[in-house]
Structures are given as structure tokens and as C-alpha cells.
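So you can see what is in the structure, the chains are spelled out below.
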Amino acid sequence: MAAFTCTSRPPVSLRSESRIASSPSASLSARRMFTLSPDSARLRIRLSQSPSSLTSKVPRPRRGIVCEAQETTTDIVSIVNDTTWDSLVLKADGPVLVDFWAPWCGPCKMIDPLVNELAKEYTGKVKFYKLNTDDSPSTPSKYNVRSIPTIMIFVNGEKKDAIIGAVPRSTLASSIDKFLQ
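Residues numbered from 1 in each chain as written. Predicted model: local features only at pLDDT ≥ 70, side-chain atom pairs only at ≥ 80, totals over all residues. Heavy atoms only, no water.

Before going further, it helps to examine the pattern of salt bridges. Under the counting rule described, the total for this entry stands at 6 salt bridges. The salt bridge partner of R169 is E121, with a shortest N-O separation of 2.4 Å. Taken together, the positions of R169 in helix α6 (residues 169-177) and E121 in helix α4 (residues 106-121) put the pair 48 residues apart, joining distant regions of the chain. In this structure, D161 and K178 form a salt bridge, with 3.3 Å as the shortest nitrogen-oxygen distance. (Salt bridge = Lys/Arg side-chain N within 4 Å of Asp/Glu carboxyl O. Helix = DSSP H or I, 4+ residues; strand = E, 2+ residues; numbered from the N terminus.)

Time to look at the packing of α4 against α6. The geometry of α4 relative to α6 is characterised by a closest axis approach of 10 Å and an angle of 40° between their N-to-C directions. Relative to α6, the element α4 lies oblique. Crossing geometry of α4 relative to α6 is assigned as right-handed. Facing L114, E117, L118 and E121 of α4, the residues of α6 in contact are R169, L172, A173 and I176. The class makeup of the residues in the contact of α4 with α6 is 5 nonpolar, no polar and 3 charged. (Axes fitted to C-alpha atoms, helices over the stretch in contact; angles between N-to-C directions. Parallel < 35°, antiparallel > 145°, perpendicular 65-115°, else oblique. Left-handed = near helix turned anticlockwise from the far one by under 90°. Contact = heavy atoms within 4.5 Å. Nonpolar A, V, L, I, M, F, W, Y, C, P; charged D, E, K, R; others polar.)

Below, the discussion takes up the sheet that holds strand β6 (residues 150-155). Strand order in this open sheet of 5 strands is β3-β5-β4-β6-β7, and the pairing throughout is mixed. Two strands lie at the open edges of the sheet, namely β3 (78-79) and β7 (158-164), each paired on one side alone. (Pairing = 2+ DSSP bridges.)

As for its placement among the helices and strands, T139 is situated in helix α5 (residues 138-142). Residue classification places T139 among the buried positions, given a relative accessible area of 2%. A distance of 2.5 Å separates a polar atom in the side chain of T139 from a polar atom in the side chain of D82. Once you skip the residues sitting within four places of it in the chain, T139 turns out to touch D82, W85, F100 and L131. (Buried < 20%, exposed > 50% of the residue type's maximum accessible area, 1.4 Å probe, protein only. Polar contact = N/O pair within 3.5 Å; in protein donor to acceptor, adjacent residues only side chain to side chain.)

The next thing to look at is the nonpolar core. The biggest cluster of nonpolar side chains holds 19 residues, and the ones touching the most others in it are L97, F128 and I176. Breaking this core down by element, the ones donating at least two residues are α4, β6 and α6. Looking at which element gives the most residues to this core, the answer is α4, with 5 residues. With sequence-adjacent residues up to four places away left out, L97 is seen in contact with V115, V126, K127, F128, Y129, I151, M152, I153 and I176. (Core = buried A, V, L, I, M, F, W, Y, C linked by side-chain atoms within 4.5 Å.)

With 7 of 7 residues buried, strand β4 (residues 95-101) lies mostly within the body of the structure. Neither face of β4 is exposed, since P95, L97, D99 and W101 on one face and V96, V98 and F100 on the opposite face are all buried. In this sheet, β6 lies alongside β4 in antiparallel orientation, the contact comprising 6 bridges. Among the inter-strand pairings, F100 is bridged to a residue of β6, identified as T150. With 6 bridges joining them, β4 and strand β5 (residues 127-132) adopt parallel strand pairing.

Spelled out as C-alpha cells, the structure:
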């Protein structure tokens, strides 16, 4: 999962820059200056000056915003893969929630914060794991995972429930609550 940190270079006015980017006379490169690609490991976006200011004889200071995407991890949700699957999921005592995901999956990125919140809320009651389907393809195929995100709940090594797609937090919480005693 990627976290974005942005810094601005003075003077910058997002309101005036957004007018430049949305104006029909702005160049294609000026319109693209707001495009973010969260799939990149490292991302730098700079807002350039308007095309009309480039023809001016007076040099102006470069204005801009720099955004960087960096990989982040959570301490609560652990990683599971094909080799650790049996020992961490199937031989676990009590409920285990596994999030099948991939780094390129938009809906997976949408529910990641929800899974992390639930992992904090259910600490000590449910074990939470994430399985990257690109890195570990045999386990998802064994459980017929056809689309991601898929969240499966196992109790004492037996698959009890599957939630497919980006669902609200309340849906995830109620699915977990069914298996807590």
C-alpha cells in the first residue's frame, strides 16, 4: 500500500493552478500536472507554470507541489504466502481473516484501511493476514478466488465465510462477529 506525502514550493495557489489546468487553452502537459499514479513505487509530480508565463521575458521562480508515494506496512496485519499458509492459517486456533489482494487492485487499496482498523479493533480475538495473489498464486486458486479483493474467514483451519469486493466496514465487522464466541 502506498502513502502519499506532499510538500509545496512557495508561492503556490492550488485555486489558480486548478484554473490553469482546467482551462481549454492550457496545454496538454499543464492539464496532466495533477495526474497521480498510485501504482508507482516512487512518485514525483510537479505543477508547472502556465503556458502563457513561459513566453514572458522576466524569469519567475518555479512553483510546484512535489508528491511522493512510499510503501507502507502495518504492524497489526501480517503477511501470509503459499509456504506459510498451513502454519499460520490452517493450524491457527480461533478465527483468522485473510485478505486476498494485489498491489495493482484499486478496490483492494480502498478496503485496506478498513481491514487495518478492524485488525486493531479485534486484536487478540481474530488473527488478520494479507495474501498477495500475484506473489502466491497457488493458495487463491485452491480456494477458487476469482476476483479480488476477497476476504475469507477461517475458524480452526476451516473456511467459514468469503466476502468478495470492496464492502462497507459494517459488512466486514458483522461477518467477523458471527464467528466470535
